[in-house]
Amino acid sequence: MLTYDFHDLTRENLKKYVDHVLHDVCSHLSLTENCLLHYSLQLSIWEILVNIIDHNPQAASTHPTHITVLWTDSEIILRIVNKGGCFDWHKHLATGLPSPEQVRGRGLYIIKSISKHFSFDERGETAIIIFDR
């Protein structure tokens, strides 16, 4: 299990945080950067953190974002928590298939499509994403 607490989450430090998590996950699970699972993990972490920044910037900068990565022989589980506020995930996941021209609003749909399981808690503070290993 790997755990992280990121304080003051911003667009400027987002890549650093995602790279840090992915480096550790790859080291522990012997993933290469060019495998589909690496890409799926990177994309999912990135999209959830961007949603925290974009939809609740005050929470992103004042409340730590906690990431836990767990794994079994068959699954990798991401748990991403930001207790600073609510995210209306119902509205964003209910939109259906986004159009190719759509600039925003595709991230959660993509995560749902590439993962084995994707959900939020009722308040939208915790995202759970599960991938087959």
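That block above? That's the structure.
Definitions and cut-offs
Residues numbered from 1 in each chain as written. Predicted model: local features only at pLDDT ≥ 70, side-chain atom pairs only at ≥ 80, totals over all residues. Heavy atoms only, no water. Helix = DSSP H or I, 4+ residues; strand = E, 2+ residues; numbered from the N terminus. Rg over C-alpha atoms; globule rule 2.2 N^0.38 Å. Buried < 20%, exposed > 50% of the residue type's maximum accessible area, 1.4 Å probe, protein only. Contact = heavy atoms within 4.5 Å. Areas by Shrake-Rupley, 256 points an atom, 1.4 Å probe, with all protein chains shown as cover. Lys, Arg positive; Asp, Glu negative; His and termini not counted. Charge placed at Lys NZ, Arg CZ, Asp CG, Glu CD. Pairing = 2+ DSSP bridges. Polar contact = N/O pair within 3.5 Å; in protein donor to acceptor, adjacent residues only side chain to side chain. Axes fitted to C-alpha atoms, helices over the stretch in contact; angles between N-to-C directions.

Trainee: Quick question: what am I supposed to make of the overall build of the protein chain here?
Mentor: Scanning the protein chain from N- to C-terminus turns up 5 helices and 5 strands. Each helix (α) and strand (β) of the protein chain, taken in turn from the N terminus, gives the series β-α-α-α-β-β-α-α-β-β. For a compact globule of 133 residues, the expected C-alpha radius of gyration is about 14 Å, and the protein chain comes in at 14 Å, within 12% of that figure. Over its C-alpha atoms, taken along the principal directions, the protein chain stretches across nearly 35 × 35 × 25 Å. Within the protein chain, the fraction of its 133 residues that count as buried is 44%. Within the protein chain, residue pairs in contact and separated by at least 24 positions form 61% of the contacts whose partners lie at least 6 positions apart. As displayed, the protein chain offers around 7,400 Å² of accessible surface, 53% of which is attributable to carbon and sulfur atoms. Looking at the protein chain, you have 12 positive and 16 negative side-chain charges, and the mean spots of the two groups are 3 Å apart.

Trainee: Help me understand the pairing of strand β5 (residues 126–132) in this model?
Mentor: Walk down a regular strand and you will see the side chains alternate between the two sheet faces. β5 sits mainly inside the fold: 5 of its 7 residues count as buried. Note that strand β3 (residues 75–82) and β5 share 7 bridges and pair antiparallel. When the bridges of β5 are listed, V81 appears paired with T126. Relative to β5, strand β4 (residues 117–120) is paired through 4 bridges, and the arrangement is antiparallel. The residue bridging F120 from the neighbouring strand is A127, located in β5. Count of turn residues in the β4/β5 antiparallel hairpin: 5 residues, of which G124 carries a positive phi of about 80 degrees.

Trainee: Can you help me understand the side chain of E75 in this one?
Mentor: Along the chain, E75 falls in strand β3. A polar atom in the side chain of E75 sits 2.5 Å from the side chain of K116.

Trainee: Can you walk me through the sheet that holds β4 in this structure?
Mentor: One key point about sheets: their strands pair by backbone hydrogen bonds, in either a parallel or an antiparallel sense. Taken in spatial order, the 5 strands line up as β1-β2-β3-β5-β4 in an open sheet, and their pairing is antiparallel. Only two strands of the sheet have a single neighbouring strand rather than two, namely β1 (2–6) and β4. Going from strand to strand, the sheet's axes swing by 10 degrees on average, the running direction of each strand aside. Direction of pairing for β1 relative to strand β2 (residues 65–71): antiparallel, over a ladder of 5 bridges. Counted as the bridge partner of L2 is V69 from β2.

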